[in-house]
Structure formats: structure tokens, C-alpha cells
Amino acid sequence: MNLSPKLRYVASRLVTTILVLLCATVLLFALTLLIPGNPAEVLLGPRATPEAVQAYSHAMGLDRPLLERLAIFLGNVLRGDLGRDIISGRPILDLVLEVFPYTLSLTLAAIGLAVLLGVPLGCYAATHPGSLADQVGAVTSVAFIAMPNFVVAVFLVLIFSVWLHWLPVLGVGRDGGWGDAALRLVLPALSLALSWVGYIARLLRASLLEVMGEPHIRTARAYGVAERRLVYRNALKLAAIPTVAILGLGVGRLLGGAIFAEIVFARPGLGTLVYDAINLRNYPVVQAAVLVVVGVFTLTNLLTDLSYLWLDPRLGRRLGQER
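A quick note: this is a predicted structure, and the numbers were derived from the prediction, not measured.

Comments concerning the overall build of the protein
Then step 1. Helix and strand content of the protein: 13 helices and zero strands.
Then step 2. The N-to-C order of helical and strand elements in the protein reads α-α-α-α-α-α-α-α-α-α-α-α-α.
Then step 3. C-alpha extents for the protein along the principal axes are approximately 85 × 65 × 35 Å.
Then step 4. With 323 residues in all, the protein has 38% of them scored as buried.
Then step 5. Element-wise, carbon and sulfur atoms account for 69% of the exposed surface of the protein, whose accessible area totals about 18,200 Å².

Quick look at the packing of helix α5 (residues 92-127) against helix α12 (residues 283-311)
Then step 1. Put simply, α5 and α12 touch, their axes get as near as 10 Å, and they point 55 degrees apart. Relative to α12, the element α5 lies oblique. Where α5 crosses over α12, the handedness of that crossing is right-handed. Of the residues in α12, those touching α5 at Ile92, Leu95, Val96 and Phe100 are Pro284, Val285, Ala288, Ala289, Val292 and Val296.
Then step 2. In the contact of α5 with α12, the residues fall into ten nonpolar, no polar and no charged.

So, the packing of aromatic side chains
Then step 1. For the structure on display, the rule yields three aromatic pairs.
Then step 2. Here Phe29 and Phe73 contribute two aromatic rings whose centre-to-centre distance is 5.6 Å and whose plane-to-plane angle is 35 degrees, an arrangement assigned as tilted. In this pair, Phe29 is assigned in helix α1 (residues 5-33) and Phe73 in helix α4 (residues 66-78), connecting sequence segments 44 residues apart.
Then step 3. Of the residues examined, Phe73 reaches a relative accessible area of 15% and is grouped as buried.

Notes on the pattern of salt bridges
Then step 1. Inspection of every chain in the model, using the stated rule, returns five salt bridges.
Then step 2. The closest approach of N and O atoms between Arg13 and Asp305, which form a salt bridge, is 3.5 Å. With Arg13 in helix α1 and Asp305 in helix α12, the pair connects residues that are 292 residues apart, well separated along the chain.
Then step 3. Residue classification places Arg13 among the partly exposed residues on the basis of a relative accessible area of 26%.
Then step 4. The salt bridge partner of Arg90 is Glu98, with a shortest N-O separation of 3.0 Å.
Then step 5. Several salt bridges share partner residues, and in doing so they unite Asp134, Arg202 and Arg205 into one network.

So, the layout of surface pockets
Then step 1. Considering only enclosed or pocket space, the second largest pocket measures out at about 460 Å³ in volume.
Then step 2. Secondary-structure elements contributing two or more residues to the lining of the second largest pocket are α1, α4, α5 and α12.
Then step 3. For the lining of the second largest pocket, the per-class residue count stands at 16 nonpolar, three polar and no charged.

Regarding the environment of Ala239
Then step 1. Among the secondary structure elements, Ala239 is positioned in helix α10 (residues 227-264).
Then step 2. For Ala239, a relative accessible area of 1% translates into the label buried.
Then step 3. Residue contacts for Ala239: discarding those within four places in its chain leaves Leu204, Ser207, Leu208 and Val211.

Things to note about the packing of helix α11 (residues 270-279) against α12
Then step 1. Interhelical geometry of α11 versus α12 gives an angle of 155 degrees and a closest axis separation of 9 Å. In terms of axis orientation, α11 runs roughly antiparallel to α12. Seen along the crossing, α11 lies across α12 with a hand that is left-handed. Between α11, through Leu270, Leu273, Val274, Ala277 and Ile278, and α12, the contact on the second element is made entirely by Val285, Val286, Ala289, Val292 and Val293.
Then step 2. Taken together, the residues that form the contact of α11 with α12 break down as ten nonpolar, no polar and no charged.

Here's the deal with the side chain of Ser195
Then step 1. By the element assignment, Ser195 lies in helix α8 (residues 178-212).
Then step 2. A relative accessible area of 3% places Ser195 in the buried class.
Then step 3. The residues contacting Ser195, other than those within four sequence positions of it, are Phe144, Ile145 and Asn149.

What counts and how
Residues numbered from 1 in each chain as written. Predicted model: local features only at pLDDT ≥ 70, side-chain atom pairs only at ≥ 80, totals over all residues. Heavy atoms only, no water. Helix = DSSP H or I, 4+ residues; strand = E, 2+ residues; numbered from the N terminus. Buried < 20%, exposed > 50% of the residue type's maximum accessible area, 1.4 Å probe, protein only. Areas by Shrake-Rupley, 256 points an atom, 1.4 Å probe, with all protein chains shown as cover. Axes fitted to C-alpha atoms, helices over the stretch in contact; angles between N-to-C directions. Parallel < 35°, antiparallel > 145°, perpendicular 65-115°, else oblique. Left-handed = near helix turned anticlockwise from the far one by under 90°. Contact = heavy atoms within 4.5 Å. Nonpolar A, V, L, I, M, F, W, Y, C, P; charged D, E, K, R; others polar. Phe/Tyr/Trp six-rings, centres within 6.5 Å; stacked < 30°, edge-to-face > 60°. Salt bridge = Lys/Arg side-chain N within 4 Å of Asp/Glu carboxyl O. 1 Å grid on protein atoms, 1.4 Å probe; cavity = no way out; pocket = protein on both sides within 12 Å on 5 of 7 lines; lining within 4 Å. Points joined across faces, edges and corners; volume = space filled by probe spheres on them.

Shape descriptors only; they carry no functional weight alone.
Given below as C-alpha cells:
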């Protein structure tokens, strides 16, 4: 089949994504084998009768050969069947989908805040290198990067909720109104976003300074193109590629950090679901929630890889030359 270079690039990334998802699913299945003792006894607790343990093992297929269990697990995942919660009896997929929108909205709000604050700071630092604002921004960025998310969350609660009484802090809203829900999202999103503001600002500053020194930018400057137009219409798009790559990887870290934010701010979400499931030793729920996080992380990195074709047209030309 004679595919264009861009289509072959997209196809290769799709194949890589499918392989990553398959390997991650097999790894998650293998991790359940590391649980010491009989998984059924661990799940049911020390008071479970031998008959109950045997019935649960048979219902979950734990008494079948390992490869058969793996094939059944992969088949169920492909059909969207993540099993049934041992405590509530509900399908685990329903439990995950019930709380996933809260984690997704928190993650997207954190990324949005980080980009809205980090990009202008990075652009200003790159266009005013060595200035007092650049130096203060460097110190502040490193401080934000070094500070753990849960420490930032505790300080935000103390300052903006306990001392100043400016923002509500717990839950996702009682009356279901968008305004109340948005106010309760501010502090959790800010606690996750602050460290990424530092990452984005420092990375974009370095990339922008490098791009601004390239020959086509210097030539455009020599022809009298305004500096603002050079930065925001010519250089920023190319300089954003490393930042987009880091943001793609950062989704996984933000989803992990959401666990602490959801616990500190008493919000529902995947983090709270996993935390409660670990306390109850409800490992099928933990396995399903982690699988969903892995899927979101892998798909985000696929979109990040595909965005390079739009951000840097030179990539498409290089792919054509390598044909």
C-alpha cells in the first residue's frame, strides 16, 4: 500500500499506541499475581469461609490456568467489561465512569491554568533575558517546581479558605450550580498547576531563545519585521514543541497528583476511588482505575505526537525526504 509520509507517521504512532496499551494491560494483570497468598482470601478478608473463598475463586476464574485467565482478562477489557465490584456488586466500569469526569475536569483545569500563566511568563523572560523580572521569574519557577503538590494544596487551603475566606474548599458543590462548582475547582487546580507554571515558563524561555537565534528569524528581523510579530507569530509555534511534549508526559503526573488534591480537598474522582479501594483491598477496582489512567495517558501522548505535524511543518518535509 502506497501511503503518504504523513499517513505512515500517523499509522506508526497508532500501532505504537496499541502496543503500549496491550503491554500495560498485561503488566497490570501480572501485578495481581504478585499479591501474596490467595487473591480471593485477600479480597474477602480473614473471616471468609473456605466455601466462600472457593466460590469467589471460581466466579473470578482464579482456579483456571494462567494463560486462560490472561486471555479472558484481555477479552473482557476489549469489550469494556472491567469486572464487578466485590463490595457494592456494581460493574466497575460504572464506578469509574461515575467519578472520571471530576478527575478529567480537575486535570484539564490544571493544564489550562499552567498554560495561561506559564506561556506569558516564558515569553516575557525570553524577550527580556537577564532583566530583574527574568531573574525573579527563574527563582519563583524553581520554587514552584521543587514544592510538592500536597504541600501547595495545604498552604492554599490555609491562605484562601481558612484565613481570607475567599474560596470554598471542600467537595464539588452542593446545589449542582456551575458557579459553585467552578469556585470549588480553583484551589485544587491551582495546587496542581503551580509546579507546571515553572516547568512551562523555564522550558519555553530556553526554547524561544534558541529559535530566536535561527537564521530565518534573524533574516526576518533584518527585513524590519516587528519583534512582537516575530515572537508570537513565527518563533512561538516552533518553540512550543518541547513544551507540548512535556505537557503530554505531564498528564500522567497530573493524574497522579490529582489523587492528593482530591483527598486534601475531599473531592470525588479516580484518586479518591483508588485510595478507598486500596484501604478496602478491593484490587479489581484499583486495577480498573489504573487501566483507565494508563489509557488516558497513552492517548494524550498519541495526540501530542500527532500535533508535531501541525506545529512544525518541517517535520512533514523531512518525512517526505526519508521516503
